[in-house]
Every structure is written in structure tokens, then in C-alpha cells.
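# Architecture at a glance
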Amino acid sequence: MRAGGRAVVADMPLTGEYAPSPSDWAREQAEKYEATDGAEAGTLRGVPIVVYTSVGASSGKLRKTPLMRVEHDGEYLAVASKGGAPDHPAWYRNFLTSPFVEVQDGAQRHDCSVRELEGDERDVWWKRAVAVWPDYAEYQRSTDRLIPLLLLTPLDDDAA
């Protein structure tokens, strides 16, 4: 199916009950962003964000996560920094457990496949992430774990 020369995914892979984040700021930002197609709550400290919807690895419920917008050629990067904490954010497991994650970038939504980056490809994307959000470099210095980078590639053909 096509609309305006772009592919439209007729059936979204993510369905189910929404479970709001227990984090007030994350829940409020994600819900306001989604309700306004990013016109409100679309930035964090002046830097654009996107909202990811994933399936909870334990609950099976839909979870919404606002993260910094790191995009290149139609692909998105989710940086599992958790502010440099010693453990991964909860959403990291969700992204790896479910084969699909939805990215909402403003009014556009993309169903994406997810894969964790390694090696040279990870290095290239890490530089892109730090260019968007320089705090990531400090987060990496403050933790012993290698901060995971997850690449989200749209399933429709309107990416790169």
C-alpha cells in the first residue's frame, strides 16, 4: 500500500495493552509527545527526542520510552546509557526480546527491526550519538559497562 509515494505498513506489529512508565517524567513526556505528534515535549534541554514503543519483556505490555533523537539516513539509534549507571535501562531488555520497536519521530511512526551494534559500526554510531548528546561521553566514563547501542531500521521502504 502506498500513500504519497511512501510505503504504508497496513498492520502495525505492536499491539496490546499500554503500561505507563513508573517514572513520572518519562511517562508525562512520552504521553504529551505522542498526543501532540511531538509539537509539545519534543525536546530535552533543547535537543530533539523521539518516542520508542516496545513490548515489555516480562509484562508483555506496551512500554513507551522517550530518548534522544539520533537518526542517520532513516535509521535510529537507541543509546542504553541510563545516565552512566552500572546497569542497563529496563527498556534495553524489551528491545532485545521483541523483534519490533516502533519509533515516533514527530508525526511519523516507523515499525523497526532492532539489532545491537558492535565493532566499527558501533564506533561510527557512537560518534553520531555523542554529537547529538555530548553527555553520553561522560556517561561512558562514569560506568564500567560498555553502553549498548541499538540500531532501529524501519521495516517500510521510506527509510534511506
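Preceding block: the structure.
Only a predicted model underlies this, so the values are computations on that prediction, with no experimental measurement involved.

## So, the overall build of the protein
Scanning the protein for helices and strands turns up 4 helices and 10 strands. Counting from the amino terminus, helix and strand elements in the protein follow one another as β-β-α-β-β-β-β-β-α-β-β-α-α-β. Within the span of the protein, comprising 160 residues, buried residues form 44% of the whole. Accessible area for the protein stands at about 8,300 Å²; split by element, carbon and sulfur atoms hold 51% of it.

## Topic: helix α3 (residues 119–132)
The end-to-end C-alpha distance of α3, which contains 14 residues, comes to 20 Å, matching closely the 20 Å that a straight helix rising 1.5 Å per residue would cover. Looking at the buried side of α3, the elements it contacts are β6 (71–72), β7 (75–79), α4 (135–141) and β10 (149–154).

## Regarding the pairing of strand β9 (residues 108–116)
Here strand β8 (residues 100–105) pairs with β9 via 6 bridges, running antiparallel. The residue of β9 that forms the bridge with F100 is S113. Hairpin geometry of β8 and β9 is characterised by an intervening segment of 2 residues between the two adjacent antiparallel strands and by a positive phi of about 65° at G106. Here 5 bridges tie β9 to β10, and the two strands are oriented antiparallel to one another.

## With respect to the environment of V70
Summarising the element assignment, V70 is placed in the loop between β5 (62–68) and β6. Through-space distance from the C-alpha of V70 to that of P48 is 8.8 Å; in sequence the pair is 22 residues apart. Excluding its chain neighbours within four sequence positions, the residues that come into contact with V70 are E75, Y76, L77, W125, R128, A129 and V132.

## So, the pattern of salt bridges
Tallied over the entire structure, the rule returns 11 salt bridges. We note a salt bridge from R69 to E71, for which the minimum N-O separation is 3.8 Å. Among the ionic pairs, K82 bridges to D87, the shortest N-O distance being 2.9 Å. Each of the salt bridges in this network shares a partner with another, and the network as a whole consists of E34, K64, E102 and R109.

## Focus: helix α1 (residues 24–35)
Over its 12 residues, α1 extends 16 Å from the first C-alpha to the last, a length consistent with the 16 Å expected when each residue adds 1.5 Å. Among the residues of α1, those classed as buried are A26, Q29, A30 and Y33. Along the axis of α1, the buried residues cluster in a sector spanning 95°; they form a single face. Residues of α1 that are exposed and angled more than 90 degrees away from the buried face: E28 and A35. The secondary structure elements touched by the buried residues of α1 are β3 (43–44), β4 (47–55), β5 and β8. Downstream of α1 by a residue or two, D37 has a phi angle that is positive, lying close to 55°.

Conventions used here
Residues numbered from 1 in each chain as written. Predicted model: local features only at pLDDT ≥ 70, side-chain atom pairs only at ≥ 80, totals over all residues. Heavy atoms only, no water. Helix = DSSP H or I, 4+ residues; strand = E, 2+ residues; numbered from the N terminus. Buried < 20%, exposed > 50% of the residue type's maximum accessible area, 1.4 Å probe, protein only. Areas by Shrake-Rupley, 256 points an atom, 1.4 Å probe, with all protein chains shown as cover. Expected span 1.5 Å × (residues − 1). Contact = heavy atoms within 4.5 Å. Pairing = 2+ DSSP bridges. Salt bridge = Lys/Arg side-chain N within 4 Å of Asp/Glu carboxyl O. Arc of directions from axis to C-beta.

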